[in-house]
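# Analysis of the macromolecular model
So the chains spell out like this:
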Amino acid sequence: MQDFLNVSKSLNGRRWCGPTGDEDRAALALEQQTQLPPALCRILAKRGVAAADVDSFLAPALRDLLPDPRSLLDMEKAATRFLKAVNTKERIAIFADYDVDGATSATLLIDWLRQMGCQATLYIPDRIDEGYGPNDEAMAALAAEHDLIICVDCGTVSHGPVAAAKGAEVVILDHHLGAETLPDAHAVVNPNRQDESGDLAHLCAAAVVFLMLVEANRQLREAQAKGPDLMAMLDLVALGTVADVAPLIGVNRALVRQGLKVMANRARVGLVALADVARMDTAPNSYSLGFLLGPRINAGGRIGKADLGARLLATTDPSEAQALAERLDQLNSERREIEEGVRAAAMEQAENRGLDAPLVWAAGQGWHPGVVGIVASRLKEKTNRPAIVIGLDNGEGKGSGRSISGVDLGAAIQKLASEGLLIKGGGHKMAAGLSIEEDKLEPAMARLSELLAKQGAGEAGPADLRLDGMLMPGAVTVELIEQIETAGPFGASAPAPRFAFSDQQIFFTKRVGESHLKITFGDGIGPRIEAICFGAFDSDLGPALENHGGARFHLAGRLEINTWAGRQKPQMRLEDASRASEA
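Bear in mind that the values here come from a model prediction, so they are computed numbers and not experimental data.

For the protein, the count of helices and strands is 20 helices and 17 strands. Taking 25 Å as the expected radius of gyration for a compact globule of 583 residues, we find that the protein reaches 24 Å, a close match to that expectation. The dimensions of the protein, computed from C-alpha atoms along their principal axes, are 75 × 60 × 45 Å. Burial statistics for the protein: of 583 residues in total, 55% are counted as buried. Contacts in the protein between residues at least 24 apart in sequence constitute 65% of all its contacts with a sequence separation of at least 6.

One open sheet holds the 5 strands; their spatial order is β3-β2-β4-β5-β6, and the pairing between them is parallel. Looking along the sheet, the strands with just one partner apiece sit at the ends: β3 (121-123) and β6 (187-189). If you compare each strand with its neighbour and ignore which way they point, the axes differ by 15° on average. The pairing of strand β5 (residues 169-173) with β6 spans 3 bridges and is parallel. Of the residues in β6, the one forming a bridge with valine 171 is alanine 187.

Counted under the stated rule, the structure contains 4 aromatic pairs. Between the aromatic rings of phenylalanine 82 and tryptophan 112, the centroid separation amounts to 5.1 Å while the plane-to-plane angle is 50°, which identifies the pairing as tilted. Of this pair, phenylalanine 82 sits in helix α5 (residues 75-87) while tryptophan 112 sits in helix α6 (residues 100-115); the two residues are 30 residues apart in sequence, bridging distant segments of the chain. What makes phenylalanine 82 buried here is its relative accessible area of 1%. The exposure class of tryptophan 112 is buried, given its relative accessible area of 0%. Here the guanidinium or amino end of arginine 353 rests over the ring plane of tryptophan 361, the centre of that ring lying 3.6 Å away. Against the face of phenylalanine 507 rests arginine 528, its NZ or CZ located 3.6 Å from the ring centre.

Moving on, we get to helix α9 (residues 205-222). Taking 1.5 Å as the rise per residue, α9 with 18 residues should run 26 Å; its terminal C-alpha atoms sit 26 Å apart, in good agreement. Counting buried residues in α9 gives 15 out of 18 residues, a clear majority hidden from the surface. Taken from the residues just after α9, glutamine 224 is the one with a positive phi, measuring 65°.

Right, let's talk about the pairing of strand β9 (residues 396-402) for a bit. Direction of pairing for strand β8 (residues 387-393) relative to β9: antiparallel, over a ladder of 7 bridges. Bridge pairing links glycine 391 to lysine 398 in β9. From the end of β8 to the start of β9, which pair antiparallel, there are 2 residues, and asparagine 394 there has a positive phi angle of about 50°.

Across the 6 residues of strand β7 (residues 360-365), 5 count as buried, placing the element largely inside the fold. For β7 and β8, the ladder comprises 6 bridges, and the chain directions are parallel. Paired with alanine 362 across the bridge in β8 is valine 389.

Turning to the packing of helix α10 (residues 234-243) against helix α13 (residues 286-303), a few remarks are in order. The interhelical angle for the contact between α10 and α13, taken along N-to-C directions, is 85°, at an axis separation of 9 Å. As summarised for this structure, α10 and α13 are arranged roughly perpendicular, according to the angle between their axes. Here Ala238, Leu239 and Val242 of α10 come into contact with α13, specifically with Ser286, Leu289, Gly290, Leu293, Gly294 and Ile297. Residue composition of the contact of α10 with α13, grouped by class: 6 nonpolar, 3 polar and no charged.

Moving on to unusual backbone geometry. Geometrically, the link from glycine 488 to proline 489 is a cis peptide bond, its omega value of 5° lying close to zero. If you trace the backbone, proline 489 turns up in the loop between α19 (478-485) and β13 (499-512). Its identity is not glycine, yet glutamine 35 carries a phi of approximately 65°, on the positive side. In this fold, glutamine 35 is placed in the loop between α1 (21-34) and α2 (38-46).

So, on to the packing of α5 against α6. Contact pair α5 / α6: the axes reach a minimum separation of 11 Å and the direction vectors enclose 40°. Overall, the two elements α5 and α6 adopt an arrangement that is oblique. Handedness of the α5/α6 crossing: right-handed. Residues Phe82, Leu83 and Val86 of α5 touch α6, and the partners they reach there are Leu109, Trp112 and Leu113. Taken together, the residues of the contact of α5 with α6 break down into 6 nonpolar, no polar and no charged.

In this structure, Phe82, Trp112 and Leu213 are the most contacted members of the largest nonpolar core, which totals 84 residues. By residue number, the principal contributor to this core is α9, which donates 11 residues. Leave out the neighbours within four places in its chain, and leucine 213 touches Phe82, Leu108, Leu109, Trp112, Leu230 and Met233. Counting 41 residues, the second-largest nonpolar core is a separate cluster that includes Ala536, Phe537, Ala544 and Met572.

With mixed pairing, the 5 strands of this closed barrel are ordered in space as β13-β14-β15-β17-β16. Adjacent strand axes in the sheet meet at a mean angle of 45° when their direction is disregarded. Judged from the 5 bridges that link them, β13 and strand β16 (residues 552-564) form a sheet pairing that is antiparallel. Looking at β16, one finds that alanine 500 is bridged to alanine 556.

Attention now moves to the side chain of serine 158. Here serine 158 lies in the loop between β4 (148-152) and α8 (159-164). Residue serine 158 is classed as buried on the basis of its relative accessible area, which comes to 8%.

This part is about the pattern of salt bridges. All told, the structure shown has 35 salt bridges when counted by the stated rule. In this structure, the salt-bridge partner of aspartate 235 is arginine 268, at a minimum N-O distance of 2.8 Å. In this pair, aspartate 235 is assigned in helix α10 and arginine 268 in the loop between α11 (251-264) and α12 (269-277), connecting sequence segments 33 residues apart. The same class applies to aspartate 235 and to arginine 268, which are both buried.

What counts and what doesn't
- Residues numbered from 1 in each chain as written.
- Predicted model: local features only at pLDDT ≥ 70, side-chain atom pairs only at ≥ 80, totals over all residues.
- Heavy atoms only, no water.
- Helix = DSSP H or I, 4+ residues; strand = E, 2+ residues; numbered from the N terminus.
- Rg over C-alpha atoms; globule rule 2.2 N^0.38 Å.
- Buried < 20%, exposed > 50% of the residue type's maximum accessible area, 1.4 Å probe, protein only.
- Contact = heavy atoms within 4.5 Å.
- Pairing = 2+ DSSP bridges.
- Axes fitted to C-alpha atoms, helices over the stretch in contact; angles between N-to-C directions.
- Phe/Tyr/Trp six-rings, centres within 6.5 Å; stacked < 30°, edge-to-face > 60°.
- Lys NZ or Arg CZ within 6 Å of the ring centre and 35° of its normal.
- Expected span 1.5 Å × (residues − 1).
- Parallel < 35°, antiparallel > 145°, perpendicular 65-115°, else oblique.
- Nonpolar A, V, L, I, M, F, W, Y, C, P; charged D, E, K, R; others polar.
- Left-handed = near helix turned anticlockwise from the far one by under 90°.
- Core = buried A, V, L, I, M, F, W, Y, C linked by side-chain atoms within 4.5 Å.
- Salt bridge = Lys/Arg side-chain N within 4 Å of Asp/Glu carboxyl O.

See below:
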């Protein structure tokens, strides 16, 4: 594939790749058949959307895409047991993971039960003291006081803790990779069980819980009864899906699209309070879910009290919602400071170890377990390698990993655990967690690197920057961006479209904070466009643009609408650049 605009090595060290010849031809055919804008047709062509499917792709309908819940193993059994607990007023406990997917999953159940006149005990483990997933002590204590324990976003590999829940029945609603055997639970609903087809492997836990509630409502209808309005709960499913970086394909597109509409109604007081403290001044989109709301909900589980996020989402009291939102916003600011210190130390350590191996990893005494996953994500993005970051304390490490496309980190971590190199570990293809004895750190990471190398990790250089085409500044309008947005939502497996602007002049630059840069650019003919580049000074990009000296640049990034004081105008989120004279 030829380098797009002849950029073989940009200021961020990346090769630019444009549309293929086949994609160009498909885009032209779509343009002729649908009369849609060329930029939108390029996006649709890259997604492989045929002309006959354009309408259904641009307006995905949940009724057409929602799978039959009973297509998942144990689903009917799980919903029947759940309804039995409701109908006979049994004592119900919900054991949830401490991340956004866990919080939204728990809130779905709490909300549904509340509308049915029932209550449930919420238990979320402390990340530091208890770690991920059910543990023997907590499950035994819950079983002593409850008849049914529902584990959400966890539990699939928790054989011991499930066995410890003596006297109660356990239902597991999860999506993490399953082992060869399942815990002795009443039901284990998980699209990533090893005996599942894998057709719904892209669902997050919140989507699995939603499907269970769909099945519960169906069983109620069959019994001439009525369940709560599930469509009004899709804001939670959308938030869990985006924040857990689930692929935005198939039914996930419809769940998120519809969920964003529900969220825009501002009916859930917890999300309203959180959006306000996050200064979210536009209609919700996948970016605001993933980068504004999600991190704040996660902040409680990372460095504060684990249940703060779920309590915020579940509350119906505006005053409580405001207090919880402000606390989570404060914790998120503290989390950013902690993260920056760990990131700098982890990057230095990883660079000293070398960034060309199949695995990039770092471990440090006292690194906060609540930020190691975020730092692992930063390492992965910088190196285009799977990354593991581990915080050590009292001879034991708790770590988190992030992977790249095509490399199944969860399976490799599970293999490591089965070989006795980890205390425990698991996850899914793109993310995993682990606990490890400090004296096994070096051999475990060496073995993990070996396992990942067999999957092709370490063979690629810096990730190519894939572009959807080229635009002129004069073509960029609010209307065009709104049309492009109809191809969304954008996120994992459906990246936001990126466009290049060729041979542009920089008219204005302004540093924002320590590492960000605002610029205004244009071709000297049409209108000028404002752009913001986050983290510009973490690479050569910021200094080159700030000190441009009149040079012209090829610029690449994503288009968005900037809303200020009720007025809208196009803006570019700048991701990369190359000197036009060198391309």
